[in-house]
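Per-entry structural report
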Amino acid sequence: MSMMTGEQYRKSLRRLKPEIYYMGEKIESVADHPAFVPHVNAAALTYEMALAPEFEELLSTTSHLTGEKINRYTHIHHSHDDLVKKVKMLRALGQQTGSCFQRCVGHDGLNSVYSITYEIDQKMGTDYHKRLVNLLKEVQSKDLMISGAMTDVKGDRRLSPSQQKDPDLYVHMVEKQKDGIVVSGAKAHITGAVNSHGHLVMPTAAMKAEDAGYAVCFYVPVDTPGVIHIFGRQTNDTRKCDGCFLDQGNVDYGIVGGEALIVFDKVFVPWERVFMCGEYEFAYELVERFATAHRQNYGGCKTGMADTLIGASYALAQAQGTDRASHIRDKLVEMVHLTETLYCCSIACSCQGYALPAGSYMADPLLANVTKLNVTRHVYEIARLAQDIAGGILATAPSEMDWKDPRVGKYVDKYMKGVADIPAETRMRLIRLLEAMTCGTALVESMHGAGSPQAQRIMIERQANLERKKRLAEKLAKIGEQPLLVC
Ligand code: SF4
């Protein structure tokens, strides 16, 4: 079997026994607990769409290792076409889910570690790449979903990993054994962690010689002893568990991917699953490649979600009788303009991508960082325009429970109606979808997911080649030629 159905993915989760906590409860089955079902559904769609005739060209491809048909989420990019198809795949999934479908992080991690292990081996004579290829074969043949666990909790941001008072504030090796290593620490904000099959753990920053113990990269199955998941709260998350349907807004797929803190408490990792162990000189390059890969994505998934948001804004304007007003049309056009601008960036950084020594392809780092930096602004502006179109009812609409109440339900239904021939329920559903997509956690994800804006600015400055731009200007201004004014 090399490609799972969505249902097989859910069943595969039920066979695992990860240690997960949420709101003081130990979770027995993520595939069945209402707090997790929307996130599982969104990830399951990456399996279902890969088998659907209209999407299979985008979501499936051929393994360069085995020649088998595989899910694109387990693929190593080998061309510009692969990079472009990834962006198109993300837009298609964003349109269908209106939420984060999580599987991209591990995919980007696999691509980054694939290329960097090749280069470590070339320089250091290690055999990390062969180990990674073996993991990749397993991921492809079993169609596994893996998380990409990069961000450390970081403690005091002024201090490097080895300078922290508590040594566990960055994931590190605590012991080297004959058969493997033992690691401790924690990774924060890890998307899709609780409903993945395993975690690909990577260093989070540039390292110096004294931080060598923190330059570790490895893979562990999600239910490895000592791996503990603490799932984060989200805006309105209790609505998933209080029996409401309409009030959730996006009942099938939730509002974001679902992030967790992953604690590694003296976890044993066998050598065959270790891909970096002390090669600190390669840590920054790995971070930059992963960041580039994930920032490339944001003009794909976010534009797919924006398509849905624009549609919801338009439909709500129709339900409220404002859709023909010129200022509403202007706002809808502005939302489309912003959305397509983001998409252009993702496509451009894919087309400007290039081959790495391992033969795999990565997107252009400068343009990928510009893509993500734009997302930190444009998605907020798109959401602001959606809220403007929706009106204050976005923040004041009565609950589904009052709409169903035998005493006051008829009033809610009567006074929530806009245009006479559109049911109040239609308007309420659209309001809740807009609320889910524009209020709270969903927006923060656009700001800080794939790194905060300052991280993109740093990489943009590094890639900008200001000296070359200066030389261009100096040439035109004929600076350095014979002075005209001789004193
Ligand atoms: Fe994928 Fe977008 Fe979610 Fe990142 S934020 S995991 S790119 S859907």
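Everything here concerns the structure above.
Before going into details, it helps to say that this report is about the structure given with it.

Per the counting criterion, the structure on display carries 6 aromatic pairs. Look at Tyr22 and Phe36: their rings are 5.6 Å apart centre to centre, the planes differ by 70°, and that puts the pair in the edge-to-face class. Of this pair, Tyr22 sits in strand S1 (residues 19-22) while Phe36 sits in the loop between strand S2 (25-26) and helix H2 (37-51), and the two are 14 residues apart along the sequence. Accessibility assignment for this pair places Tyr22 and Phe36 in one class, buried. Connected via pairs of aromatic rings, a cluster forms that spans Tyr22, Phe36 and Phe231. Above the ring of Tyr343, the side-chain terminus of Arg91 is found at 4.4 Å from the ring centroid. Over the face of the ring belonging to Tyr47 we find Arg103, whose NZ or CZ atom lies 4.0 Å from the ring centre.

What follows deals with helix H9 (residues 365-390). In this model H9 runs 37 Å from its N-terminal to its C-terminal C-alpha over 26 residues, within 8% of the 38 Å that 1.5 Å per residue would give. Where H9 bends most, the angle comes to about 35°, and this point is Val375. One or two positions beyond H9, positive phi appears at Gly391, with a value near 90°.

Spatial ordering of the open sheet is given by S2-S1-S10-S11-S7-S6, a layout of 6 strands whose pairing is mixed. Because the sheet does not close on itself, it has two edges, and the strands there are S2 and strand S6 (172-176).

What follows is about the pairing of strand S10 (residues 227-231). The buried count for S10 comes to 4 of 5 residues, which makes it a mostly enclosed element. Sheet topology note: the S1/S10 ladder contains 3 bridges and is parallel. What sits directly across from Glu19, in S10, is Ile228. Sheet topology note: the S10/strand S11 (residues 259-270) ladder contains 5 bridges and is antiparallel. Along S11, the bridge assignment pairs Phe231 with Ala260.

Relative to each other, helix H7 (residues 283-320) and helix H8 (residues 326-351) sit at 165°, their axes nearing to 8 Å. The angle between the axes of H7 and H8 places the two elements in the roughly antiparallel class. Between H7 and H8 lies a crossing whose hand is left-handed.

The next thing to look at is a nonpolar patch on the surface. The grouping of Val408, Tyr411 and Tyr415 at the surface amounts to a nonpolar patch, some 310 Å² of accessible area in total. Locating Tyr411 in the fold gives a position in helix H12 (residues 409-415). When its relative accessible area of 38% is taken as the criterion, Tyr411 is described as partly exposed.

Next up on the list: the pattern of salt bridges. Evaluation of the coordinates by the stated rule reveals 29 salt bridges. One salt bridge connects Arg14 with Glu7, and the closest N-O pair in it is separated by 4.0 Å. Residue classification places Arg14 among the partly exposed residues on the basis of a relative accessible area of 34%. Its relative accessible area of 39% is what places Glu7 among the partly exposed residues.

A few words now on the site of the ligand. As a matter of local geometry, the ligand sits amid Cys100, Phe101, Gln102, Cys104, Val105, His294, Asn297, Tyr298, Cys301, Lys302 and Glu445. Every element with two or more residues in the shell around the ligand is listed here: helix H5 (104-124) and H7. For the shell around the ligand, the element with the highest residue contribution is H7, accounting for 5 residues. Residue composition of the shell around the ligand, grouped by class: 6 nonpolar, 3 polar and 2 charged.

All right, on to the packing of H7 against H9 then. Contact geometry for H7 and H9: axes closest at 9 Å, N-to-C directions at 15°. Considering the angle they form, H7 stands roughly parallel to H9. The handedness of the crossing between H7 and H9 comes out as left-handed. Here Thr292, Arg295, Gln296, Tyr298, Gly299, Lys302, Ala306, Leu309, Ser313, Leu316, Ala317 and Gln320 of H7 come into contact with H9, specifically with Pro365, Ala368, Asn369, Thr371, Lys372, Val375, Val379, Ile382, Ala383, Ala386, Ile389 and Ala390.

This paragraph deals with the nonpolar core. By size, the foremost hydrophobic cluster in this structure holds 69 residues, and its most contacted members are Tyr9, Phe36, Val113, Phe218, Phe264, Val269 and Phe275. Other than its neighbours up to four places away in sequence, Phe36 contacts Ile20, Tyr22, Ile27, Val30, Val194 and Phe231. Of all hydrophobic cores here, the second largest spans 55 residues; its members include Leu90, Leu309, Ala397 and Met437.

Of note in this structure, Gln102 is not a glycine but carries a positive phi near 70°. Tracing the chain through its elements places Gln102 in the loop between helix H4 (80-97) and H5. On the basis of relative accessible area, Gln102 is assigned to the buried category, the value being 1%. A positive phi angle, close to 55°, is found at Asp143, a residue other than glycine. Tracing the backbone through its elements, the reader meets Asp143 in the loop between helix H6 (128-142) and strand S5 (146-149).

Let's shift gears to the sheet that holds strand S12 (residues 274-277). Strand order across the open sheet formed by 4 strands is S5-S8-S9-S12, with mixed pairing between neighbours. A strand with exactly one partner marks an edge of an open sheet, and here the two such strands are S5 and S12. Across the sheet, the mean angle separating the axes of adjacent strands is 20° when strand polarity is ignored. Note: S5 against strand S8 (residues 198-201), 4 bridges, orientation parallel. Looking at S8, one finds that Ile146 is bridged to Gly198. Docked against the sheet, H5 engages S5, S8, strand S9 (216-221) and S12, running at close to 65° with respect to S5.

Rules used in this analysis
Residues numbered from 1 in each chain as written. Predicted model: local features only at pLDDT ≥ 70, side-chain atom pairs only at ≥ 80, totals over all residues. Heavy atoms only, no water. Phe/Tyr/Trp six-rings, centres within 6.5 Å; stacked < 30°, edge-to-face > 60°. Helix = DSSP H or I, 4+ residues; strand = E, 2+ residues; numbered from the N terminus. Buried < 20%, exposed > 50% of the residue type's maximum accessible area, 1.4 Å probe, protein only. Lys NZ or Arg CZ within 6 Å of the ring centre and 35° of its normal. Expected span 1.5 Å × (residues − 1). Bend = angle between axes of the 7 residues up to and from the residue. Pairing = 2+ DSSP bridges. Axes fitted to C-alpha atoms, helices over the stretch in contact; angles between N-to-C directions. Parallel < 35°, antiparallel > 145°, perpendicular 65-115°, else oblique. Left-handed = near helix turned anticlockwise from the far one by under 90°. Patch = residues over 30% accessible without salt bridge, like charges linked within 9 Å, V, L, I, M, F, W, Y side chains within 5 Å. Areas by Shrake-Rupley, 256 points an atom, 1.4 Å probe, with all protein chains shown as cover. Salt bridge = Lys/Arg side-chain N within 4 Å of Asp/Glu carboxyl O. Near = heavy atom within 4 Å. Nonpolar A, V, L, I, M, F, W, Y, C, P; charged D, E, K, R; others polar. Contact = heavy atoms within 4.5 Å. Core = buried A, V, L, I, M, F, W, Y, C linked by side-chain atoms within 4.5 Å.

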